[in-house]
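Each chain, letter by letter, is given below.
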Amino acid sequence: MLLRFRRLIWPPVDPALVDAGREGELAIARTRIAIVGLLALNPALALVRQPDHAVASLTLVIEILFLALSVTVLQLARRHPPVPWLGFAAAALDVTVVSFYHVTVWVGAFALFSGRFAFALYLLAILATSLRNDGRVATFAGLLAASEWIVLVRAFDDADMMAAVEELVIIAAATMLARIIASRARGLRLSSIRDNLTGLLNRAHFEERLATELMRSTRTHRPLALAIIDVDQFKRVNDTFGHLSGDEVLREVAARLTRTVRRSDLYCRFGGDEFALAFIDTSVVDAAARLEEIRRTVSATPIPLRIQGVVTITCSAGVAVSPLDGEEARTLIEIADARLLAAKGAGRDRLMVAG
């Protein structure tokens with residue numbers, strides 16, 4: 001029960017959604033720079049009218065600091081792999097920028113925009129978190145906005161307490177809405193990139209991610225190993241036990257692959273009874289060792305079938321390595337597939353690598 005509640009309030013991020021969240025982070029980062037630059041006009045115009053305005057000078061310095069932090073966040077958002085804590089830090093920056101602008105409005109020395117506009121920026125900062133496909137960031141941003149808002153209301157005696165309570169309710173509603181949007185976007189995204197039968201990535205998304213990882217591999221001069229795995233004589237399973245039992249076998253193979261690979265690796269159902277794995281930053285020797293472990297794991301335990309009996313399966317694999325075999329996704333797939341055919345032709349239940 002506690003685990004279910006924790007997953008509801010603080011759901012983990014699916015690795016397949018990381019790239020989509022990165023795209024959202026980039027969009028938010030660019031928008032943040034524009035808004036912070038716009039808010040910096042507030043003290044800048046005040047200094048044009050009154051060059052010796054001390055509060056305006058201090059405010060402008062702080063706004064320039066916010067602008068520098070916004071540019072830094074944009075640079076971090078472009079990194080691959082993504083920085084895991086960046087969404088929380090960026091959301092904290094957004095909320096703090098809005099709170100600081102509230103201070104400049106309530107001080108009353110100068111104000112280019114009204115307090116209503118400033119409060120609307122709280123809602124924008126919270127709703128923007130839904131672009132990250134991470135409900136945790138939405139929860140964090142909402143709680144931080146509510147906390148900072150309470151501090152501001154208590155700090156300024158002239159604030160309307162009843163209005164402040166109403167605005168807290170609006171912040172809570174915006175947070176719930178952002179979580180709902182993130183959850184729905186998460187579900188739609190997952191349904192478009194995952195195989196319906198096994199729950200693994202589908203081939204189209206795998207090849208898209210593989211191309212990205214190969215570009216990074218070329219840039220960093222780190223190896224990447226691609227393996228295509230085939231369930232040996234899978235047709236016999238379908239012919240003997242039926243297609244529903246064949247589906248059970250494929251799901252179990254996918255589950256065993258998931259338990260064996262690293263979180264950083266890419267793996268998918270490549271088609272039919274074939275699976276593809278991309279081992280990031282892995283040499284051909286290490287890839288071969290890990291594939292032997294996977295091959296033994298897949299065949300070690302018989303698979304119980306829901307309809308009748310059990311079935312023991314084996315698998316064969318072909319391996320290609322970048323940059324040794326090429327640096328293009330299509331080239332590596334063709335070579336790995338050719339080596340898979342060679343492994344099956346040599347008797348199955350084995351893997352074939354370079355040489």
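What you see is a predicted model, and the numbers here were worked out from it, not measured in a lab.

## Looking at the overall build of the protein
- A tally of regular secondary structure across the protein gives 12 helices and 7 strands.
- Relative to its 355 residues, the protein shows a buried fraction of 46%.
- By sequence separation, contacts in the protein at least 24 residues apart represent 71% of the contacts at least 6 residues apart.
- A total accessible area of about 18000 Å² is found for the protein, and carbon and sulfur atoms account for 62% of it.

## Some details on helix H9 (residues 234–241)
- Every buried residue of H9 is listed here: Phe 234, Val 237 and Asn 238. Down the axis of H9, the buried side of the element spans an arc of 95 degrees, and every buried residue falls inside it. Among the exposed residues of H9, those oriented more than 90 degrees off its buried face are Lys 235, Arg 236 and Asp 239.
- Looking at the buried positions of H9, the neighbouring elements they touch are strand S1 (224–231), helix H10 (243–260) and strand S5 (310–311).
- One or two positions beyond H9, positive phi appears at Gly 242, with a value near 100 degrees.

## Things to note about the packing of aromatic side chains
- Per the counting criterion, the structure on display carries 5 aromatic pairs.
- With a centroid separation of 5.7 Å and 70 degrees between ring planes, the pair formed by Phe 66 and Phe 100 is classed as edge-to-face. Note that Phe 66 is positioned in helix H3 (residues 54–77) and Phe 100 in helix H4 (residues 86–107), a separation of 34 residues in sequence.
- Residue classification places Phe 100 among the buried positions, given a relative accessible area of 16%.
- Between Phe 119 and Tyr 122 the ring centres are 6.0 Å apart and the planes differ by 80 degrees, which places this aromatic pair in the edge-to-face class. Taken together, the positions of Phe 119 and Tyr 122, both in helix H5 (residues 115–128) and 3 residues apart, correspond to about one turn of that helix.
- Chaining the aromatic ring pairs together yields one cluster made of Phe 119, Tyr 122 and Trp 149.

## Considering the pairing of strand S3 (residues 274–280)
- Most of S3 sits out of view: 7 of its 7 residues are buried.
- Burial of the side chains of S3 extends over both faces: Glu 274, Ala 276, Ala 278 and Ile 280 are buried on one face and Phe 275, Leu 277 and Phe 279 on the other.
- Sheet analysis places S1 next to S3, joined by 7 bridges and oriented antiparallel. Across the sheet, the residue bridging to Leu 226 is Ala 278, located in S3.
- Two strands pair when backbone bridges link them, and strand S2 (residues 266–271) and S3 are joined in this way by 5 bridges, in the antiparallel orientation. Each residue of the ladder has a partner; that of Tyr 267, found in S3, is Leu 277.
- Linking S2 back to S3 in an antiparallel pair, the connection comprises 2 residues, with Gly 272 at a positive phi of about 60 degrees.

## Structural notes on empty space enclosed by the protein
- Throughout the structure, instances matching the rule amount to 1 cavity of 30 Å³ or more.
- Considering only enclosed or pocket space, the largest cavity measures out at about 40 Å³ in volume.
- Taken together, Ile 229, Leu 291, Ile 294, Arg 295, Cys 315, Ser 316, Ala 317, Arg 350 and Leu 351 make up the full set of residues lining the largest cavity.
- Among the elements of the structure, helix H11 (284–300) and strand S6 (315–322) are those that each provide at least two residues to the lining of the largest cavity.
- Here the residues of the lining of the largest cavity are counted per class, giving 6 nonpolar, 1 polar and 2 charged.

## Details of the side chain of Arg 269
- Note on placement: Arg 269 falls in strand S2.
- In this structure the side chain of Arg 269 is engaged in a polar contact, spanning 3.4 Å, whose partner is the side chain of Asp 195.
- One polar contact links the side chain of Arg 269 to the main-chain carbonyl oxygen of Gly 272, over a distance of 3.0 Å.
- Not counting the four nearest positions on each side in its chain, Arg 269 is found in contact with Asp 195, Leu 197, Thr 198, Leu 200, Leu 201, Asn 202, Arg 203, Leu 250, Glu 274 and Phe 275.

## Quick notes on the sheet that holds strand S7 (residues 351–352)
- As summarised here, the arrangement of the 5 strands in space is S2-S3-S1-S6-S7, forming an open sheet in which the pairing is mixed. Looking at the sheet topology across the chains shown, the edges are occupied by S2 and S7.
- Across the sheet, helix H12 (residues 329–345) lies against S1, S2, S3, S6 and S7, angled at about 145 degrees from S6, the strand it touches most.

## Notes on the nonpolar core
- The biggest cluster of nonpolar side chains holds 40 residues, and the ones touching the most others in it are Tyr 122, Ile 126, Trp 149 and Ile 171.
- Elements supplying a minimum of two residues to this core: helix H2 (18–49), H3, H4, H5, helix H6 (135–155) and helix H7 (161–193).
- In terms of residue count, the dominant contributor to this core is H4 (11 residues).
- Filtering out sequence-adjacent residues up to four positions away, Trp 149 remains in contact with His 102, Trp 106, Phe 119, Tyr 122, Ala 164, Glu 167, Leu 168 and Ile 171.
- Grouped together as the second largest cluster of nonpolar side chains are 32 residues, Leu 257, Val 261, Phe 275 and Ala 317 included.

Conventions used here
Residues numbered from 1 in each chain as written. Predicted model: local features only at pLDDT ≥ 70, side-chain atom pairs only at ≥ 80, totals over all residues. Heavy atoms only, no water. Helix = DSSP H or I, 4+ residues; strand = E, 2+ residues; numbered from the N terminus. Buried < 20%, exposed > 50% of the residue type's maximum accessible area, 1.4 Å probe, protein only. Contact = heavy atoms within 4.5 Å. Areas by Shrake-Rupley, 256 points an atom, 1.4 Å probe, with all protein chains shown as cover. Arc of directions from axis to C-beta. Phe/Tyr/Trp six-rings, centres within 6.5 Å; stacked < 30°, edge-to-face > 60°. Pairing = 2+ DSSP bridges. 1 Å grid on protein atoms, 1.4 Å probe; cavity = no way out; pocket = protein on both sides within 12 Å on 5 of 7 lines; lining within 4 Å. Points joined across faces, edges and corners; volume = space filled by probe spheres on them. Nonpolar A, V, L, I, M, F, W, Y, C, P; charged D, E, K, R; others polar. Polar contact = N/O pair within 3.5 Å; in protein donor to acceptor, adjacent residues only side chain to side chain. Axes fitted to C-alpha atoms, helices over the stretch in contact; angles between N-to-C directions. Core = buried A, V, L, I, M, F, W, Y, C linked by side-chain atoms within 4.5 Å.

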